Amino acid sequence: MISLSQKKGNWLPYLLFLPALLYLAGFVGYPLVKTFQLVFTSEKGDIGLANFITLTQDPIFWKALKNTLYLLIVIVPLQVILAFLLALFVNSRFKGYMIVLYIICIPLALSDVSAALMSYNIFSSHGFLNKILINSGLIETPFYFFGLGLSSRSFWVVVLTELWRATPLVFVILLAGLQVISKEYFEAADVFGFSSWQKFFHITLPLTMPSLQSALLIRTLFAFQIFGVVWLLSGRDIPVLAGEVYYQQAELSNFRIAATYGFIIALICILISWIYLTFLKTKHLEV
Amino acid sequence: MLKKLVVLLLLCMLLTTSVYAQEALNFASTQMVPAAEQLFAKSVLLKGFTDDSGINVEFIPMEYPDLFTRLTAEVFAKKVTISLIGELHGGLDLMNTNGLLDDLSGITLPDRTFIKSLADYSILGDKKIYVPWMQATFVMAINKKAFQYLPEGLKIEDITGASAKWTYEALLNWSKKLNEEFKVPKLGFPMGPKGLWHRFLHGSIYPSFTGYQAAAFDSVRAVQLWEYLKELRPYIHPSSSVWESMDEPLLKEEVLIAWDHTARIKNAVIEKPEDFAIVPCPRGPQGRGYITVAVGLAIPTGAPQRDNAVKLIDYLTSPAIQVKMLENIGFFPTIQEAEGVIPEGALKVLTNGVLTQSGAPDSIISMIPSLGAKAGEFSAAYRDAFTRIVVEGADINTTITSLADKLRAIFKEIGVPLV
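Treat the numbers as computed from the prediction; the structure is a model and nothing was measured.

1. Brief notes about the overall build of chain A
Alright, step 1. What chain A contains, in helices and strands, is twelve helices and zero strands.
Alright, step 2. Going residue by residue from the N terminus, the α and β elements of chain A occur as α-α-α-α-α-α-α-α-α-α-α-α.
Alright, step 3. Here chain A has a C-alpha radius of gyration of 25 Å; the compact-globule value for 287 residues is 19 Å, and the former is much larger.
Alright, step 4. Its C-alpha atoms give chain A principal-axis dimensions of about 70 × 65 × 35 Å.

Laid out in structure tokens, this is it:
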């Protein structure tokens, strides 16, 4: 026979996670179901792929996809290389390395909008950079880094801004990975007479692979959400997938197409995560 | 004794309620809905009216669909409780089409001259459906430095006075001259994603060149317009594509000539009233096109307290109150007499420009079409046309023909006549 207190005990764990469950069902589950509904229902109410057909017939979709992939291909490798170099540098624990660590991490506190506005103040025709160049007599008239019909230049300003803003995130993950590598491995390597390169390729790199995998995954997924910086620095001159979600939803009130854009971003993210998790699996952890 | 007292109390309550119901005039408005503006409407604007006339006014801020539904029900049930309506031109037009509004032709408001273009727009057929109450519009802001580089044949007075010489051709020549002088483009538009650039395209330049906002989208005259914009393009500041309002670029002197909504230029003029002139938009071959957001005061069919409603209209369109509204909610006067009451300074600079524009005899006033959920697609068509033709160099005819079909489909779907 089960006593009342035992019964109560059985229910208690469920009761405790009920609020979280209700929250998730209401704020994640319900919108997700509605999004699916929007994605697969046409304006006339027919169920099917009509929204995907409309979307793929719009040249802006292909431009947005191309730009997002370009940004991803340029930004992510650069960020990872830069962050790795910075992490190795800080991990060498030179005198005053903590100050350098803090300076590198400053952009972590910035939102993408703030970073874009700071970038605008540097690169605009009346910005700091143009002022320096004009005052030093290097140029007579301002050099336009972004603006009407200058999307290829804006692209590089976006890349620079993103590098500055988001590299610290990769840096922090990689530094954490480097800090947990036991010194004993390096001491043993010294005994066997390993060179610095050998130590890097045979000890540092394999042991930071889990961190590298996380950093790559996070950055790649974040790259698909890139929006604020591009939006503020180039308007819709450089359409990107996440920007189109906002544009279709907020500006055109085209909820179905916005949801379809969102759905496609989610699909790409799932695919990329699967690729990363499958092909970058760290073998030494399976032992 | 107690029974008597209760009956007496009930009688008193009924009497008070009925007296109050008779006295309170219901003024339903889709304007001044935000909390701060409601406070201004109730505690300043209408309180002043009640103090002067002794007539109580119940201010009812409402969204348009609610107002339309309520008024339709009241008019058809012949139990109208709303005495006065404050709404945009488009909304009042629709109410009138549904037989909800009274003819205001008989109303005379002494000592005020309504701006002709606005007064003309308030008359539909033979019926005056509203009295122009307030307006907002899009104008050009000029840094006075630019006046030193006027092209040949163009004088400052031509621009500030909206003469026939203040044309798009003159704007092009002026921009060219400024470019030669400063070595950078000095003309700017709010082309950023949140900027109102599309309003310039459909509400200003399209009517100026073709006479219509969308009806002649793919006409021969429209081809001339796009050729003009291609010619103007090198003189438009490249950063225009990220600007959402023109006050900052004007203050930083990134541009010397800018076009935008009055509310989005206001800050520059308030900060440096001596540096800027607000002038009308230029004219094109068909006239001077510009958007006006006209707000009118209308009386519903069978409205109670009609005489009191007229008194309230009289009060709300008086010069002092018009200036008070400009100072508090940023809407401009609709009567010429207000110009004399506005104190010197930024508001005067802004109002002069707005009143000169709305008083220009060659005005082609554009009202933003009521396209509901399709409004975004309508705006996007104009922006897309500019990007494709002017920025990317696509063929004019092919582009405007394909987009014209899209535009016509939008109007057809919503059931709004092509403007």
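Having seen the structure, we can now continue with the description.
2. Some points on empty space enclosed by the protein
All names here are of chain A.
Alright, step 1. Throughout the structure, instances matching the rule amount to one cavity of 30 Å³ or more.
Alright, step 2. In this structure, the largest cavity spans a volume of roughly 30 Å³.
Alright, step 3. Taken together, V230, W231, G235, R236, I238, P239, V240, G243 and E244 make up the full set of residues lining the largest cavity.
Alright, step 4. Within the residue set of the lining of the largest cavity, elements represented by two or more residues are α10 (228-234) and α11 (241-251).
Alright, step 5. Class assignment for the residues of the lining of the largest cavity results in five nonpolar, two polar and two charged.

3. Focus: the interface of chain B and chain A
The extent of an interface is frequently quoted as the accessible surface area lost upon association of the parts.
Alright, step 1. With 27 residues of chain B at the contact, the number on the chain A side is 27 residues.
Alright, step 2. Of the roughly 2,100 Å² buried between chain B and chain A on both sides combined, carbon and sulfur atoms contribute 55%.
Alright, step 3. When the area that chain B buries against chain A is broken down by residue, the three leading residues are P193, P238 and V242 of chain B, summing to 25%.
Alright, step 4. The interface formed by chain B and chain A holds two salt bridges in total.
Alright, step 5. One salt bridge connects K374 of chain B with E43 of chain A, and the closest N-O pair in it is separated by 3.6 Å.
Alright, step 6. No other element matches helix α15 (residues 375-391) of chain B, which puts six residues into the side of chain B that touches chain A.

4. Remarks on the domain arrangement of chain B
Residues and elements named next belong to chain B.
Alright, step 1. As assigned here, chain B comprises domain 1 (16-135 + 292-364) and domain 2 (137-291 + 368-414).
Alright, step 2. Taken together, the contacts link 20 residues of domain 1 with 26 residues of domain 2.
Alright, step 3. Overall, the association of domain 1 and domain 2 removes approximately 1,900 Å² of surface from exposure, summing both partners, and the carbon and sulfur fraction of that is 63%.
Alright, step 4. Remark: the boundary between domain 1 and domain 2 carries two salt bridges.
Alright, step 5. With its nearest N and O atoms 3.0 Å apart, the salt bridge here joins R288 to D362.
Alright, step 6. The element that contributes the greatest number of residues to the side of domain 1 that touches domain 2 is helix α14 (residues 346-359), accounting for eight residues.
Alright, step 7. Here the residues of the side of domain 1 that touches domain 2 sort into eight nonpolar, eleven polar and one charged.

5. Some thoughts on a nonpolar patch on the surface
All names here are of chain A.
Alright, step 1. Taken together, the side chains of W11, L12, Y14, L15, L16, F17, L18, L21 and L22 present a nonpolar region at the surface, about 1,000 Å² in accessible area.
Alright, step 2. Here W11 is to be found in helix α1 (residues 4-39).
Alright, step 3. We classify W11 as exposed; its relative accessible area is 57%.

6. Let's talk about the nonpolar core
Note on soluble globular proteins: their nonpolar side chains tend to be buried together.
Alright, step 1. Of all hydrophobic cores here, the largest spans 162 residues; its most connected members are F27, W174, W226, L229, L312 and L316 of chain B.
Alright, step 2. Examining the composition of this core, we find that nine residues originate from one element, strand β6 (residues 131-143) of chain B, more than from any other.
Alright, step 3. Listed in part, the 45 residues of the second largest apolar core include V170, L174, L216 and Y261 of chain A.

7. Considerations on helix α4 (residues 97-105) of chain A
All names here are of chain A.
Alright, step 1. Turning to α4, its buried residues number three or more, namely L101, I104 and C105. Here the buried residues of α4 occupy an arc of 95° about the axis, which is enough to place them on one side. Seen from the open side of α4, the exposed residues pointing more than 90 degrees away from its buried face are I99, Y102 and I103.

8. Some thoughts on the packing of helix α9 (residues 196-224) of chain A against helix α12 (residues 255-279) of chain A
Residue and element names in this part refer to chain A.
Alright, step 1. Viewed as axis vectors pointing N to C, α9 and α12 meet at an angle of 165°, and their least axial separation amounts to 10 Å. Relative to α12, the element α9 lies roughly antiparallel. Judged by the sense of rotation from one axis to the other, the crossing of α9 with α12 is right-handed. Contacts from Q213, L216, L217, T220, L221 and F224 in α9 reach I265, I268, C269, I272, S273, Y276 and L277 in α12.
Alright, step 2. In terms of residue class, the contact of α9 with α12 is made up of ten nonpolar, three polar and no charged.

9. Points about the packing of aromatic side chains
Alright, step 1. Under the definition given, this model contains 47 aromatic pairs over all chains.
Alright, step 2. Taking the centre distance of 5.7 Å and the plane angle of 55° together, the rings of F61 of chain A and Y261 of chain A count as tilted. With F61 of chain A in helix α3 (residues 59-91) and Y261 of chain A in helix α12, this residue pair connects regions lying 200 residues apart in the sequence.
Alright, step 3. Classification of F61 of chain A by relative accessible area gives buried; the value is 4%.
Alright, step 4. Site record: aromatic cluster; members linked through ring pairs are F138, Y168, F189, W197, F200, F209, Y228, W259 and F386 of chain B.
Alright, step 5. R236 of chain A extends its terminal NZ or CZ atom over the ring of Y247 of chain A, reaching a point 3.7 Å from the ring centre.
Alright, step 6. The cationic tip of K186 of chain B hangs over the ring face of F182 of chain B; the distance from NZ or CZ to the ring centre is 5.4 Å.

Scoring rules and cut-offs
- Residues numbered from 1 in each chain as written.
- Chains lettered and ligands numbered in written order.
- Predicted model: local features only at pLDDT ≥ 70, side-chain atom pairs only at ≥ 80, totals over all residues.
- Heavy atoms only, no water.
- Helix = DSSP H or I, 4+ residues; strand = E, 2+ residues; numbered from the N terminus.
- Rg over C-alpha atoms; globule rule 2.2 N^0.38 Å.
- 1 Å grid on protein atoms, 1.4 Å probe; cavity = no way out; pocket = protein on both sides within 12 Å on 5 of 7 lines; lining within 4 Å.
- Points joined across faces, edges and corners; volume = space filled by probe spheres on them.
- Nonpolar A, V, L, I, M, F, W, Y, C, P; charged D, E, K, R; others polar.
- Contact = heavy atoms within 4.5 Å.
- Buried area = accessible area lost by both parts, 1.4 Å probe.
- Salt bridge = Lys/Arg side-chain N within 4 Å of Asp/Glu carboxyl O.
- Domains from an automatic or database assignment.
- Patch = residues over 30% accessible without salt bridge, like charges linked within 9 Å, V, L, I, M, F, W, Y side chains within 5 Å.
- Areas by Shrake-Rupley, 256 points an atom, 1.4 Å probe, with all protein chains shown as cover.
- Buried < 20%, exposed > 50% of the residue type's maximum accessible area, 1.4 Å probe, protein only.
- Core = buried A, V, L, I, M, F, W, Y, C linked by side-chain atoms within 4.5 Å.
- Arc of directions from axis to C-beta.
- Axes fitted to C-alpha atoms, helices over the stretch in contact; angles between N-to-C directions.
- Parallel < 35°, antiparallel > 145°, perpendicular 65-115°, else oblique.
- Left-handed = near helix turned anticlockwise from the far one by under 90°.
- Phe/Tyr/Trp six-rings, centres within 6.5 Å; stacked < 30°, edge-to-face > 60°.
- Lys NZ or Arg CZ within 6 Å of the ring centre and 35° of its normal.

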